Amino acid sequence: MYFLNYCCLIVLFLTLCAPNANGATVIADLEQNSQESSEILLSDEKIIKISGSKRIFILTNAADFVHPGDFISILLDEKLVARALVAKVRGAYSGIKILKIYSMERWSRLAPGGAIQVLRGDDSYYRKSKSNQDEADESLIDGDEDLFNGTSILSEDDMEMSQNKRRAIATDNIISGGYAWIQGLDNDGSSASYEQFNGSWAYQIADNVWAEFLYGENLISGYPSNGLDTKMTNMTFRIKYTIKAPLYSFIQPYVGYQSIGASSPSAGEQNSLGTLLQAELDAELQQVENLKKSAFVIGVTLLKRLVPGWFIRLDAGSDLISGGLSFEF
């Protein structure tokens, strides 16, 4: 009996050690499951829109493949391009935020309408087995804690992606302050140039088309006669078109309508001595009226970017010549 048991143990040991059909089946099942898992984690998608900063993407979301909070990787030609976080899902679309760029060469090829692959979850194995990464990888932000810095998470409006690549200047608003020289009249009726501070607000009503309102004012001493002052105001409405120029510059030809106003409360009033003739008082009032004018104007604005958000500005036109700073938002 002991010998029989011993023989059975030997046979069982040899059976377990041998590469039998059951062992092969287990290994095959594991490989198959692994392959099926890889197929499930990878989906063919399409880029719908890209924000101006290229940090926010709108992608298709075939068969509800990704969900908010998923970490994904973008692939192009079966090679990794970037790492991202799914910020929002709406219907058949997903909004993602880029965390890291793996390849700048492939990154530059991403464009709206382009086909990509989305890998959901951990991409470490894929990076080792399928991708020869560029030695100089570049990160858009330092880490996950900076995910929401500078760009808010997608809202309903964000899903529409108002940024438009056809725009020379992506933002919608520009406010400016400047120091100008504007034409007026001297006491003898001849043309004179006056210094004036101004401010303006421009809004991009269509791609590269801006509507701008400018206001400026100055005080003219000794006009319309010695001892009197006149406030001169300038209100101008302009329509501009933006053209991109070299060296981070922009050219904005414009047409518009300018209204020059003038106000001198003491003009036409008798002095304390009562020595002025009525003709002189009427002349003072007429000179203030002569300073007022309204006309169509043309010109050009030049913007030179200093740092992100800030420009040096120069205006030259039939309405004024001005220099200053502008801020976009």
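Residues numbered from 1 in each chain as written. Predicted model: local features only at pLDDT ≥ 70, side-chain atom pairs only at ≥ 80, totals over all residues. Heavy atoms only, no water.

Asker: What's the story with the sheet that holds strand β6 (residues 115–120) in this structure? I'm lost.
Answerer: Across a sheet, strands are paired by hydrogen bonds formed along the backbone, either parallel or antiparallel in direction. Strand order around the closed barrel formed by six strands is β1-β2-β5-β4-β3-β6, with antiparallel pairing between neighbours. Averaged over neighbouring strand pairs, the angle between their axes works out to 45 degrees when direction is ignored. (Pairing = 2+ DSSP bridges. Helix = DSSP H or I, 4+ residues; strand = E, 2+ residues; numbered from the N terminus. Axes fitted to C-alpha atoms, helices over the stretch in contact; angles between N-to-C directions.)

Asker: Mind showing me how you'd approach the pairing of strand β1 (residues 42–50) here?
Answerer: Two faces, one strand: in a regular strand the side chains alternate between the faces of the sheet. As judged from the five bridges shared by β1 and β6, these two strands associate in the antiparallel manner. Note on β6: the bridge partner recorded for S43 is V118. As judged from the three bridges shared by β1 and strand β2 (residues 56–60), these two strands associate in the antiparallel manner. Considered in β2, the bridge of I50 is made with F57. Between β1 and the antiparallel strand that follows it, β2, lie five residues; K54 among them carries a positive phi value of about 60 degrees.

Asker: For this particular structure, what's the right way to read unusual backbone geometry?
Answerer: Negative phi is the rule for most residues except glycine; trans is the rule for most peptide bonds. The omega torsion across Y223 and P224 is 10 degrees, close enough to zero to call that bond cis. Structurally, P224 can be placed in the loop between β9 (209–221) and β10 (229–241). Despite not being glycine, Y248 has its phi angle at roughly 55 degrees, a positive value. Along the polypeptide, Y248 turns up in the loop between β11 (243–245) and β12 (249–263). Look at Y248 and you get exposed, because its relative accessible area is 62%. (Buried < 20%, exposed > 50% of the residue type's maximum accessible area, 1.4 Å probe, protein only.)

Asker: Can you walk me through the packing of aromatic side chains in this structure?
Answerer: Aromatic ring pairs are described here by two measures, namely the spacing of the ring centres and the angle between the planes. In the structure shown here, the tally under the stated rule is eight aromatic pairs. Judged by centre distance (5.4 Å) and plane angle (85 degrees), the ring pair of Y179 and W181 falls under edge-to-face. Taking the relative accessible area as the measure of exposure, Y179 reaches 27% and is therefore partly exposed. Judged by relative accessible area, W181 falls into the partly exposed class, the value being 41%. Measuring from ring centre to ring centre gives 6.0 Å for F250 and F311, while their planes differ by 80 degrees; the resulting arrangement is edge-to-face. Of the two residues, F250 sits in strand β12 while F311 sits in strand β14 (residues 310–317), which places them 61 residues apart along the sequence. Site record: aromatic cluster; members linked through ring pairs are Y179, W181 and F197. Over the ring of F65 we find R120, and its NZ or CZ is 4.7 Å from the ring centre. Against the face of Y254 rests R238, its NZ or CZ located 4.2 Å from the ring centre. (Phe/Tyr/Trp six-rings, centres within 6.5 Å; stacked < 30°, edge-to-face > 60°. Lys NZ or Arg CZ within 6 Å of the ring centre and 35° of its normal.)

Asker: Please explain the pairing of β10 as it appears in this structure.
Answerer: Here 13 bridges tie β9 to β10, and the two strands are oriented antiparallel to one another. When the sheet's bridge partners are listed, V209 is paired in β10 with Y241. Pairing analysis gives 10 bridges linking β10 to β12, with the strands arranged antiparallel. Residue N234 lies in a different strand from β12, and its bridge partner there is I260.

Asker: How should the environment of E328 be read in this particular structure?
Answerer: Positionally, E328 belongs in strand β15 (residues 321–328). The class for E328 is buried, based on a relative accessible area of 11%. When the C-alpha atoms of E328 and W201 are compared, they prove to be 9.9 Å apart, with 127 residues separating the residues in sequence. Each residue touching E328, except ones within four places of it in the same chain, is listed here: I169, T171, N173, I174, R305, G309 and F311. At a separation of 2.6 Å, a polar atom in the side chain of E328 contacts the side chain of R305. (Contact = heavy atoms within 4.5 Å. Polar contact = N/O pair within 3.5 Å; in protein donor to acceptor, adjacent residues only side chain to side chain.)

Asker: Any chance you could explain the nonpolar core here in plain terms?
Answerer: Soluble, globular proteins show a tendency: their nonpolar side chains are buried together. If you look at the biggest cluster of nonpolar residues, it comprises 20 residues, and the most contacted ones within it are F57, I96, I98, W107, L110 and I116. For this core, the secondary structure elements donating two or more residues are β1, β2, β3 (71–76), β4 (79–90), β5 (93–101) and β6. Looking at which element gives the most residues to this core, the answer is β4, with four residues. Dropping the residues within four chain positions of it, L110 is found in contact with I47, I50, K54, F57, L76, V81 and I116. Counting 11 residues, the second-largest nonpolar core is a separate cluster that includes I182, Y223, I260 and L291. (Core = buried A, V, L, I, M, F, W, Y, C linked by side-chain atoms within 4.5 Å.)

Asker: Sorry, what's going on with the pattern of salt bridges here?
Answerer: Under the criterion given, the structure shown has 13 salt bridges. In this structure, the salt-bridge partner of R109 is D77, at a minimum N-O distance of 2.5 Å. Highlighted residues: R109 in the loop between α3 (104–107) and β6 and D77 in the loop between β3 and β4, separated in sequence by 32 residues. A relative accessible area of 42% means that R109 is categorised as partly exposed. Its relative accessible area of 54% is what places D77 among the exposed residues. As a salt-bridge pair, E212 and R313 come within 2.8 Å of each other at their nearest N and O atoms. Highlighted residues: E212 in strand β9 and R313 in strand β14, separated in sequence by 101 residues. Its relative accessible area of 6% is what places R313 among the buried residues. Within the structure, one salt-bridge network assembled from shared partners comprises E212, R238, K240, R313, D315 and D319. (Salt bridge = Lys/Arg side-chain N within 4 Å of Asp/Glu carboxyl O.)

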